[in-house]
Amino acid sequence: HGQDMERELGSELDVLAQEAARRMRQLAPKWRTTLTNSIAVSAPDAMTREVRPGVAYAPFVEDGIKPGGKGLPRFSDPASKSIVDWLESKAFTGQARVRKGSGKYTAREQVLRDRYEGLAWHVRHFGVKAQPFVEPTATAMEPVVLRRLDLAVRRALAARGGDAGG
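Residues numbered from 1 in each chain as written. Predicted model: local features only at pLDDT ≥ 70, side-chain atom pairs only at ≥ 80, totals over all residues. Heavy atoms only, no water.

> Could you give an account of the packing of helix α4 (residues 81-91) against helix α5 (residues 103-126), with specific residues and numbers?
In a pair of packed helices, the angle between the axes and the distance between the axes together describe the arrangement. The interhelical angle for the contact between α4 and α5, taken along N-to-C directions, is 115 degrees, at an axis separation of 10 Å. By the criterion of interaxial angle, the relationship of α4 to α5 is roughly perpendicular. Judged by the twist between their axes, the crossing of α4 over α5 is right-handed. Only R108, L112, R115, Y116 and L119 of α5 make contact with α4, whose side of the interface consists of I83, V84, W86, L87, E88 and A91. A breakdown of the residues in the contact of α4 with α5 according to their chemical character gives eight nonpolar, no polar and three charged. (Axes fitted to C-alpha atoms, helices over the stretch in contact; angles between N-to-C directions. Helix = DSSP H or I, 4+ residues; strand = E, 2+ residues; numbered from the N terminus. Parallel < 35°, antiparallel > 145°, perpendicular 65-115°, else oblique. Left-handed = near helix turned anticlockwise from the far one by under 90°. Contact = heavy atoms within 4.5 Å. Nonpolar A, V, L, I, M, F, W, Y, C, P; charged D, E, K, R; others polar.)

> Give a detailed account of the side chain of E12, specifying residues and quantitative values.
Within the element layout of this structure, E12 appears in helix α1 (residues 2-27). Not counting residues up to four positions away in its chain, the partners in contact with E12 are R148, L149, A152 and R155.

> Which residues make up the pattern of salt bridges, and what values do they have?
Counted according to the given criterion, the structure contains twelve salt bridges. We note a salt bridge from D14 to R49, for which the minimum N-O separation is 2.6 Å. Here the residue D14 occupies a position in helix α1, and R49 occupies one in strand β2 (residues 48-52), the gap between them amounting to 35 residues. D14 gets classed as partly exposed once you look at its relative accessible area, which sits at 39%. A salt bridge links R52 to E50, with the nearest nitrogen and oxygen atoms 3.6 Å apart. (Salt bridge = Lys/Arg side-chain N within 4 Å of Asp/Glu carboxyl O. Buried < 20%, exposed > 50% of the residue type's maximum accessible area, 1.4 Å probe, protein only.)

> Tell me what's going on with α1, and back it up with residues and numbers.
Here α1 spans 37 Å end to end across 26 residues, near enough to the 38 Å set by a 1.5 Å rise per residue. Listed in full, the buried residues belonging to α1 are M5, L9, G10, E12, L13, L16, A17, A20, A21 and M24. If you follow the buried residues of α1, they end up packed against β1 (40-45), β2 and α6 (134-159). (Expected span 1.5 Å × (residues − 1).)

> Break down the pairing of β2 for me, with residues and values.
Pairing of β1 with β2, which is carried by four bridges, proceeds in the antiparallel orientation. Within β2, the position partnered with D45 by the bridge is T48. Counting the residues that bridge the hairpin from β1 to β2 gives two residues. (Pairing = 2+ DSSP bridges.)

> Summarise α5; cite the residues concerned and give the values.
Taking 1.5 Å of rise per residue, the 24 residues of α5 would be expected to cover 34 Å, and the 34 Å separating its terminal C-alpha atoms lies within 8% of that figure. For α5, the full list of buried residues reads R108, L112, Y116, A120 and V123. Contacts made by the buried residues of α5 are with α4. Immediately downstream of α5, the backbone of G127 shows phi near 75 degrees, a positive value.

Okay, here's the thing in structure tokens:
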């Protein structure tokens, strides 16, 4: 039943992987949708589908961060840009941008840096709560995948006139 079975299972795996990706996107945190949009399906081989987020910070969202350790990168470090952007969106919502080099800009940067340092202190001392989206998807999809792959095998066997009984 080689090629018929592979074709049937492959098409069912494609559909199941897209369903898992859709569910994972629904459960993922949505700020700026970077994490949500990075969730993609890949096929390393004919009988394997991988559904995974493509951003580096996904494990920290899934598992959270335990207290202790280094905390966040320094405010001036380029690695902190996404966190600074998030803080800025929360701190200055609805306010107009100010001209770089002005006194208002300097005051705004000072407020932003102080808030960032406070957040870094909090992360270092209390950690960050996990927001799992991969594990709940895997748990919810497991019985669905097993049932639908079993049905795909039965369809392939029935199409060849083989024994589709259990």
